[in-house]
Every structure is written in structure tokens, then in C-alpha cells.
Amino acid sequence: TAMSHPATAAVLHEVLLALAHEAPRESVLALVAEKALLLTDASSAVVVLLTEARDELVFEAVAGDGGDDLLGSRVRAEDTHLGVTARTGEPRIAFHPDGPTRSVAAVPIHVDGRPVGAVAALDRKDGSPFGGDDLLALTTLSAAAAARIAAARLREGYVRHERELSVLYDAVRG
């Protein structure tokens, strides 16, 4: 990666603080994309999640070039390096010097042992391909994304369960 070890540690510390302070899921995913951009010296970075049917990717966070246009958009999972990573759980580096996206480094986001999305860096600013250090940095960031996604799912389940119990209680009392 382009950053020194102390700078990398500072970036990761910031992400961990966001988790510790229970920042909203959207904020943590946006922070993960921003820090992926910084750690890999990429032109853009994204966090994508698979839909429940696992056939499409939703761009949950985007940093860098073209971010505003992609945020919230959907693409078919099978058509992209990101989709392959998100569906198989396998990290990947791709380099296509003549393509519209020349270089991709993507790592899966695992929740409960299952891949649910990916964190990716796209097109290093100097034009060189991504490497193993980039995958390591992205993997660390993907763990933060996974932690916040898992916590949000637990919270949603808790709230749903609490509502169901309330309805049952009211019906019994009723």
C-alpha cells in the first residue's frame, strides 16, 4: 500500500473507534470506503452488498471518482469482479490495462460465515496493479464492515422480536 505503517494504524484506529461508538451502519460503510481509497491509493473504492436473492449488488458506500452516481445503484452480481468476490467469498485482483476499469482489488465481507458483499478498490492512481498488501488492508476494513452489518442485523431482529412479543402480550391481555 502507499501508506506508512503508522499512517495505516491511524486509519484503522479511526475505523475501530467508529465501531466502538456504535456509529450507524451507513456511516461505518462510508468510512470503510473512504479508508479503502486512502490505504490503497485508489481512484475509487466501494462497499457492495448482495441482495437477499444474491443475484444483484447494491452500492452501499462509494468514495472517490463517480461516487454520487453509483451510490444506491444495483448491478447484476454475475457480471462483475465484485459480484464474483461477493458470491464466492474469494478475494481477487484483476488487471486489465485497456479496460474502462483497469485494476480491481476486491475482498469479501463475511457475516455469520457467509459472504454477503465486498469491499473493493478500483484503479490505483498511478496506474499500477494492486497487490497483496492492498488485499490485506481491504480485508481488515471488510472485517469492520462485517461487524457493523452483523450488529445492525441483530438489532433489527431484536426490534422485530420485541414488536411481536408486544402484539402477543396485547392479544393475551385484550
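Before reading further, recall that the structure is shown in the block above.
Quick caveat, the model's predicted, so the values are computed rather than measured.

Undergrad: An account of the overall build of the protein is requested, with residue identities and associated values reported.
TA: On a plain count of helices and strands, the protein comes out with five helices and six strands. Ordered by position from the N terminus, the helices and strands of the protein form the series α-α-β-β-α-β-α-β-β-β-α. Buried residues in the protein amount to 41% of all 174 residues. In the protein, the share of contacts with a sequence separation of at least 24, taken over all contacts with a separation of at least 6, comes to 52%. When the accessible surface of the protein is totalled, it reaches about 9,600 Å², and 54% of it is carbon and sulfur.

Undergrad: Explain the pairing of strand β5 (residues 103-111) to me, using residue names and the numbers behind them.
TA: Most of β5 is tucked away: eight of the nine residues are buried. Where strand β4 (residues 92-95) lies against β5, four bridges are found, and the strand directions are antiparallel. Across the sheet, Ile93 pairs through a bridge with Ala105, a residue of β5. The pairing of β5 with strand β6 (residues 114-124) spans eight bridges and is classified as antiparallel. Bridge pairing in β6 places Pro108 opposite Ala118. If you look at the hairpin formed by β5 and β6, you'll find two residues sitting between the two strands, and Asp112 has a positive phi there, around 55°.

Undergrad: Lay out unusual backbone geometry in plain terms, naming residues and giving numbers.
TA: With a phi angle near 65°, Arg54 is a residue other than glycine that sits in the positive phi range. As for its placement among the helices and strands, Arg54 is situated in the loop between β1 (42-50) and β2 (56-64). Unusually for a residue other than glycine, Asp112 sits at a positive phi of about 55°. Secondary-structure assignment places Asp112 in the loop between β5 and β6. With relative accessibility at 76%, the residue Asp112 sits in the exposed group.

Undergrad: Kindly report on the nonpolar core, identifying the contributing residues and their values.
TA: Ranked by size, the top nonpolar core spans 29 residues in total, and within it Val32, Val47, Ile109, Val119 and Leu138 carry the most contacts. Elements represented by at least two residues in this core include exactly α2 (25-40), β1, β2, β5, β6 and α5 (132-173). Examining the composition of this core, we find that eight residues originate from one element, α5, more than from any other. Discounting residues that sit within four places of it in the chain, Leu138 has contacts with Ala36, Thr40, Ala105, Val107, Val119 and Ala121. Counting 13 residues, the second-largest nonpolar core is a separate cluster that includes Leu82, Val104, Ala118 and Ala120.

Undergrad: Quick rundown of the sheet that holds β6? Include the residues and the values.
TA: On the basis of which strands lie adjacent, the open sheet formed by six strands has the order β3-β2-β1-β6-β5-β4 and antiparallel pairing. Strands at the two margins of the open sheet, each flanked by one partner only, are β3 (74-76) and β4. Across the sheet, the axes of successive neighbouring strands diverge by a mean angle of 30°, strand direction being ignored. As paired elements, β2 and β3 share three bridges and run antiparallel to each other. When the bridges of β3 are listed, Glu56 appears paired with Arg76.

What counts and how
- Residues numbered from 1 in each chain as written.
- Predicted model: local features only at pLDDT ≥ 70, side-chain atom pairs only at ≥ 80, totals over all residues.
- Heavy atoms only, no water.
- Helix = DSSP H or I, 4+ residues; strand = E, 2+ residues; numbered from the N terminus.
- Buried < 20%, exposed > 50% of the residue type's maximum accessible area, 1.4 Å probe, protein only.
- Contact = heavy atoms within 4.5 Å.
- Areas by Shrake-Rupley, 256 points an atom, 1.4 Å probe, with all protein chains shown as cover.
- Pairing = 2+ DSSP bridges.
- Core = buried A, V, L, I, M, F, W, Y, C linked by side-chain atoms within 4.5 Å.
- Axes fitted to C-alpha atoms, helices over the stretch in contact; angles between N-to-C directions.

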